[in-house]
Every structure is written in structure tokens, then in C-alpha cells.
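One-letter residues, chain by chain:
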Amino acid sequence: MAKHLVCRVADVPENGLRECEAEGGLKLVVANAGGEFFGFQAVCPHQDVPLCEGLFDGSTLTCHMHLWQWDVRTGAPLGIAETPLQRYPIAREGDALYLGGESTALDVGELFNGLAAGTLQKLTGLAKRENHPAGAVLYRPGDPAEDFFVLDSGRVEFLIGRGDRTSPGGFMLKKGEVFGWAALLEGTPARIASARCLEASSLLRINGRAALRVLEGDPAAGFTVMRRLAALIARYLASSGAR
Amino acid sequence: MRIQVNARNRGFEFDALPGERVLYAGLRAGIDLPYECATGTCGTCKAKLLSGRVQDRWPDAPGRKLVKPQASEFLMCQCAAEEALTLEVSKFVYPVEPGACVPQTCSGTLRNVRALTHDVIGFALELDRPRDFDAGQFVLLATDGIAYRAYSMCNYQRGGRNLDFVVKRKADGAFSEWLFGANREGARLEAFGPLGKATFEPALGKNLLCIAGGSGLAGMMSILARATEARYFERYKVWVFFGIRTLRDAFFLRELSSYPKAEITVALSEEDVPEEAIQAWPSLKFEKGLVHEVAKRKMAGKYQNVRAYVAGPPPAVDAAIRVLLLDAKLTTDNIRYDKFS
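About the cut-offs
- Residues numbered from 1 in each chain as written.
- Chains lettered and ligands numbered in written order.
- Predicted model: local features only at pLDDT ≥ 70, side-chain atom pairs only at ≥ 80, totals over all residues.
- Helix = DSSP H or I, 4+ residues; strand = E, 2+ residues; numbered from the N terminus.
- Rg over C-alpha atoms; globule rule 2.2 N^0.38 Å.
- Buried ≥ 20, exposed ≤ 12 C-beta atoms within 10 Å, placed from the backbone.
- Contact = placed C-beta atoms within 7 Å.
- Pairing = 2+ DSSP bridges.
- Axes fitted to C-alpha atoms, helices over the stretch in contact; angles between N-to-C directions.
- Core = buried A, V, L, I, M, F, W, Y, C linked by C-beta atoms within 7 Å.
- Domains from an automatic or database assignment.
- Arc of directions from axis to C-beta.
- Nonpolar A, V, L, I, M, F, W, Y, C, P; charged D, E, K, R; others polar.

### Brief notes about the overall build of chain B
Then, in step 1: Helix and strand content of chain B: 7 helices and 19 strands.
Then, in step 2: At 20 Å, chain B has a C-alpha radius of gyration in line with the 20 Å of a compact globule built from 341 residues.
Then, in step 3: In terms of its C-alpha atoms, chain B occupies a principal-axis envelope of roughly 65 × 45 × 35 Å.
Then, in step 4: Taken over 341 residues, chain B has a buried fraction of 46%.

### Focus on the overall build of chain A
Then, in step 1: For chain A, the count of helices and strands is 4 helices and 19 strands.
Then, in step 2: Relative to the globule expectation of 18 Å for 243 residues, the C-alpha radius of gyration of chain A, 19 Å, shows essentially globular dimensions.
Then, in step 3: Projected onto its principal axes, the C-alpha positions of chain A cover 60 × 35 × 35 Å.
Then, in step 4: When the 243 residues of chain A are sorted by exposure, 37% land in the buried category.
Then, in step 5: The contacts of chain A with a sequence gap of at least 6 include a subset with a gap of at least 24, amounting to 61%.

### What to know about the sheet that holds strand S9 (residues 120-131) of chain B
All names here are of chain B.
Then, in step 1: What the 6 strands build is an open sheet, ordered S11-S10-S13-S8-S9-S12; its pairing is antiparallel. Only two strands of the sheet have a single partner each, and these edge strands are strand S11 (146-152) and strand S12 (160-168). Neighbour-to-neighbour, the strand axes of the sheet open up by a mean angle of 35°, direction not taken into account.
Then, in step 2: As defined by bridge partners, strand S10 (residues 138-143) adjoins strand S13 (residues 188-195) across 4 bridges and the pair is classed as antiparallel.

### Details of the nonpolar core
Then, in step 1: Within the largest apolar cluster, 136 residues are counted, with the highest numbers of intra-cluster contacts made by Val30(A) and Tyr309(B).
Then, in step 2: The greatest single-element share of this core, amounting to 8 residues, is contributed by helix H7 (residues 314-327) of chain B.
Then, in step 3: Apart from the residues within four sequence positions on either side, Val30(A) is in contact with Val6(A), Cys7(A), Val12(A), Arg18(A), Cys20(A), Phe37(A), Gly39(A), Ile90(A) and Leu97(A).
Then, in step 4: Counting residues in each nonpolar core, the second largest holds 34 residues, with Phe112(A), Tyr139(A), Phe179(A) and Ala193(A) among its members.

### Observations regarding the domain arrangement of chain B
Then, in step 1: With domains assigned, chain B is organised as domain 1 (2-89), domain 2 (104-195) and domain 3 (202-337).
Then, in step 2: Summarising the inter-unit geometry, the C-alpha centres of domain 1 of chain B and domain 3 of chain B are found 35 Å apart.

### Quick notes on unusual backbone geometry
Residue and element names in this part refer to chain B.
Then, in step 1: Following Gly193, the chain continues into Pro194 via a peptide bond in cis, with omega recorded as 5°.
Then, in step 2: Relative to the helices and strands, Pro194 is located in strand S13.
Then, in step 3: In this model, Asn112 sits at a positive phi of 55°, which is unusual for a non-glycine residue.
Then, in step 4: Although it is not a glycine, Lys329 adopts a positive phi angle of roughly 55°.
Then, in step 5: Structurally, Lys329 can be placed in the loop between H7 and strand S19 (335-337).
Then, in step 6: Of the residues examined, Lys329 has 10 C-beta atoms within 10 Å and is grouped as exposed.

### Points about helix H2 (residues 174-181) of chain B
All names here are of chain B.
Then, in step 1: All buried positions along H2 are accounted for by Phe175, Ser176 and Leu179. In a view along the axis of H2, the buried residues occupy a sector of 95°, so they form one face of it.
Then, in step 2: At its buried positions, H2 is contacted by S9, S10, S11 and S12.

### Overview of the interface of chain B and chain A
Then, in step 1: With 22 residues of chain B in contact, the opposing surface of chain A contributes 22 residues.
Then, in step 2: When residues in the side of chain B that touches chain A are grouped by element, the largest group, 4 residues, is from H7(B).
Then, in step 3: Residues of the side of chain B that touches chain A, tallied by class, amount to 8 nonpolar, 7 polar and 7 charged.

### Details of the pairing of strand S15 (residues 156-162) of chain A
All names here are of chain A.
Then, in step 1: When S15 meets strand S16 (residues 165-172), the two strands line up antiparallel, connected through 6 bridges. Counterpart to Arg162 in the pairing with S16 is Arg165.
Then, in step 2: What sits between S15 and S16 in their antiparallel hairpin is a turn of 2 residues, with Gly163 showing a positive phi close to 60°.
Then, in step 3: Here S15 pairs with strand S18 (residues 193-197) via 5 bridges, running antiparallel. Bridge pairing in S18 places Glu157 opposite Arg196.

### A few points about helix H3 (residues 208-216) of chain A
Residues and elements named next belong to chain A.
Then, in step 1: Those residues of H3 that fall on the buried side of the exposure criterion are Ala211, Val214 and Leu215. On an axial view of H3, the arc spanned by its buried residues comes to 95°, and they lie on one face. In H3, those exposed residues whose orientation departs by more than 90 degrees from the buried face are Arg209, Arg213 and Glu216.
Then, in step 2: Against the buried residues of H3 lie helix H2 (117-126), strand S19 (201-207) and helix H4 (219-237).

### A closer look at the pairing of strand S2 (residues 17-21) of chain A
Residue and element names in this part refer to chain A.
Then, in step 1: The pairing of S2 with strand S3 (residues 27-33) spans 5 bridges and is antiparallel. Residue pairing for S3: Leu17 is matched across the bridge by Ala31.
Then, in step 2: Where S2 hands over to S3, the hairpin turn is made up of 5 residues, of which Gly24 adopts a positive phi near 100°.

### Digging into the environment of Asp128(B)
Residues and elements named next belong to chain B.
Then, in step 1: Examined against the element boundaries, Asp128 turns out to sit in strand S9.
Then, in step 2: Since 11 C-beta atoms lie within 10 Å of it, Asp128 is described here as exposed.
Then, in step 3: Along the primary structure Asp128 and Leu253 are separated by 125 residues, whereas in three dimensions their C-alpha atoms are 30 Å apart.
Then, in step 4: Not counting chain neighbours up to four residues away, the residues in contact with Asp128 comprise Cys106, Ser107 and Gly108.

### A word on the sheet that holds strand S5 (residues 73-75) of chain B
Residues and elements named next belong to chain B.
Then, in step 1: Spatial ordering of the open sheet is given by S2-S1-S7-S3-S5, a layout of 5 strands whose pairing is mixed. What marks the edges here is a single partner per strand, and that holds for strand S2 (11-15) and S5. Within this sheet the neighbouring strands show an average axis-to-axis angle of 35°, counted without direction.
Then, in step 2: In this structure, strand S1 (residues 2-7) lies alongside S2, joined through 5 bridges in antiparallel fashion. Considered in S2, the bridge of Asn6 is made with Gly11.

Dropping the structure here:
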């Protein structure tokens, strides 16, 4: 891969933020956490506010507009933030910073970000990439829920009910969002909604039981994933008080 | 007209009246659609039109710069349905919580209009029917031909008929110019509300820190009234910092003096504290400086179990939030503010 220069080390003040356009055109915000550098998407995933205008204390990045916060080491959401930040690993060479590759949908995903590298690698090994055209149906109500999906790009919508008696059940549009999570529950239940690609979409398909076996081998990661899964389910089922 | 909203987590359906803004119709139906200012400036209520036609009632709204019309985006607070609509809202949306005050349109009569300072007017809106609201909420006010503006209530009363307000004169503010332009006692107003999430409930169980710039004090007065009713001061500390330029800009000092158990500091940014202020208001403290700087100085080391409320002109709010996050290290769920200026 060609090296893409992001900026000079001196461009990013200590415990400060700087918006940069890397060679190749990618815009990102670079955070300097006591001499370690972290790169993220340039705008807040909430309302497209530039993150370089935010607040940074050396460990927590805060968007000034609605106070969404992230852990600068992982991009994981903190406090009232609802989604992680897309992370761009930064490599330092002398006084220059370069893009060090792009994080995968699993790395940034709401369930799996920040897990131990070995566990993430095993999960990545289970993932099969699938590309679907707009209109493709991934599953229907009643289908066995064996696999779950991690969105890489595109857009997937859900419909609850059958035939012409359906109602919208939400949609997925962010890299790393997980759906079909019934596959991670006991007893392999059936799908309760249909999932259809609204646009050409790229997905990672992962077998639920195989993923659970990986997590059994790393109980700390398993606990983290199950806590996040519980929070995710609550977010779909809950009323506004549970936000 | 039937409106269907597809949100990130589920769908909703509700009806809108002819000409009614989509946002207000949804809120009225008990659906907690995203909004902050509800008056066209913040862009938070943007949605994407999937089918149907809308009429934009304020195409020059400042919040329009945050929407992409080529992607069929529009502001729900400024657009009315011309036919049945299907919209997409790219956020998690929930029904309003049980027991929350669902906003409605109502009307009332202006009473007790009085000058509080050279550029602040106080008045009451006597509602035709009583309405509930939470301490810290705001409503939208409009009169003949003048679009809605957001103002926080200064009082607190369950099932009350009177909403109290303060309005600061703004050169480009159509509503404030109307109010200052003539004696408006007895005029009729239309209101929509209550709105806003920077609310206080005594069940919170935390010490309260209120930082207000100018007419941002309104919501803090409502919180103080609510706290008094619940005897909150017996169990928790309450600090109020009220920022103004000079003593000439001060209002509600008598009312603030009626809360001796709260620690109330008036911050004067453009003059030294006059001796007469200290003499006249012995139960209030006066300091020189910008309100966020005064609060930072006087609150150092006192941030245990604190919930902060912030209101005022946007630069003052931003500066106060910076102090609360970076110096006070408050968590974001303990910093409450509504941006509608």
C-alpha cells in the first residue's frame, strides 16, 4: 500500500486536535495524546460537526455540539454517545504521521471494538464477506437465526410482520452496526423481521454459535460483548427513558 | 394528513393538520422526534423525504445550511405536509415517557407586562386552559404574523394557568421588537409546548449548579421554584451564577434574594462590583468577571454529586460547558442545557 502522509508531528499540539487531509484525500481528525497519535473520522457521527472543534483532555474526545464523547485510544463511545468513531490507525515515522491502514467493520463495530487482538482475529476468521445488490432480502420472518451480520457499507432495512401487514422496524447504515443478533441468543431462535438491502451493501456474515465458542475462550471479551449486546437490545426495545 | 416516520429503531405514524409543521404534529402525538430549538436554527430535526410533498414555511431558516436539499432533506420544524408523507429520521426515536408533559398548541393573553431593565421585559401569559410543564422547559410563542420564538418559563406550577417569561430586546428579533414596540397588555399569543430536556425533578437527588447568562436566568428561576416546593434545599446544595454586564442589566434580584438557602452569585463582566449592590442585596454575592470564570473560581473542589444546568447566549453556554467538562470533570449526563438562542 502506498504511504499516505497525514501531517507533521508538530502540526498537532500536545493534548490537542487537528483536522488533516491525508494524501489521497481522506479527511480525518488527529489527536495527540501525550505524544501518541490517534486518527478518527473528521466529523461527529451524530450531526456532522467537525470534531477538531471539540474538546480534548488527552484521553476523552468530546464533540462540543451535544457532548458526545469517545475514548481516544479505541474510539469507543462514552457517556451519551450512541456510536463509536471510525478509527484510522496512525503510524509515526520521524517527524511525520502516515495512515497505517483502515480499521475493519469488526474493529469499529459496536459489539467488538476494543477486544483483545487475538479474539478479534479469531472472530475475523469466522467472518464471510458478502456483497448484496439493492433489494436483496437477507432473511424473512420465521427463518432460523443461525448467523448475525456486521454492516461494512450500504444500508439495510427491517420490516416487522408478514405479507402486506408490515411495519418499519428500523434501518442500519453505519459501519460496524450489528443485526440479526438473535443468532447470539440461546436456543437459536427464528427471525422476527425481514432484512432487505436498501442499497448495494457489503456485510460480514458470522455464525452465532461459532462466535460464542470464540467468546467462551476469552471470558473477559465474552462479558464485554454480552453487556454491549444487552445494551443494544435495550436500545431497540426501550422507551426514551432508557437512552 | 397521515405522516409515517421511519426511524433507526422502528416506525411511527401520526396525523398532521393542514399547515401544521411536521415536528409539532409528531410531538403533539406523543412521539419524541429529535429537536432542540424547534424554531429553525439548530438543524437537529432534519429528516429525509421518502414520499409526498412538503411546503417549506421558512426557506431562509438558518438551520437550512445543515440540510442537503438535493438529498431530499428538510427541517421538520419548518415544513408542513401537503399530502401524506413518508419520512426517514436517522436517529433512534421513542414515544415520550409516560407522565411526561406532551406539547400542545394553546393560546392565552398577555398580562402584567413590565420593564425589568432597560432591555428586558417581563410578562405572564394567562392561558385559556391550564397546562403542565416541567421546571426548566420552554415554549414557543407567536403572535399575528410573527413566527414562533422559544422562551423558557420562569415559574413552576402544576396545572397552572400562568406562564411567566422574560424577553431580552434583540435588534433582529421579530417577537422582541413587537413586544417592545408598544404596550401589549391584553394581547393574544399562541403558544406551543412545553419543550426541552434541561428539566429538573426533585427525585434527581443531586446538588444543583445553575449557570445563566442574561435572560438564561429564566429557566433557573423555574428550577428554584420547583426546588423550593419540594423542600429540596434541606437536603441538597444549590448554587446559582447569574452573569450580566453591569448592575444596570440586573433583574430578579429581589426574587433571587428570597432563596436564602441557595448560594447565589451575580457575576458582573464589565464593571467593578458597586458598593451599593452589596448594601442593597446582602443575601446575594457579587463578583467581577465572566460568569463561567466566576463559577470556575468559586466552585473549585465542590463538584461532588453535582448536576449542572446552563443557559444563556451561545458563547456563554459553550464556555460554561467547557469548564464543566474539563475543570469540573462532570459526566455529560450531568450537564443540561437547551440551545435555542
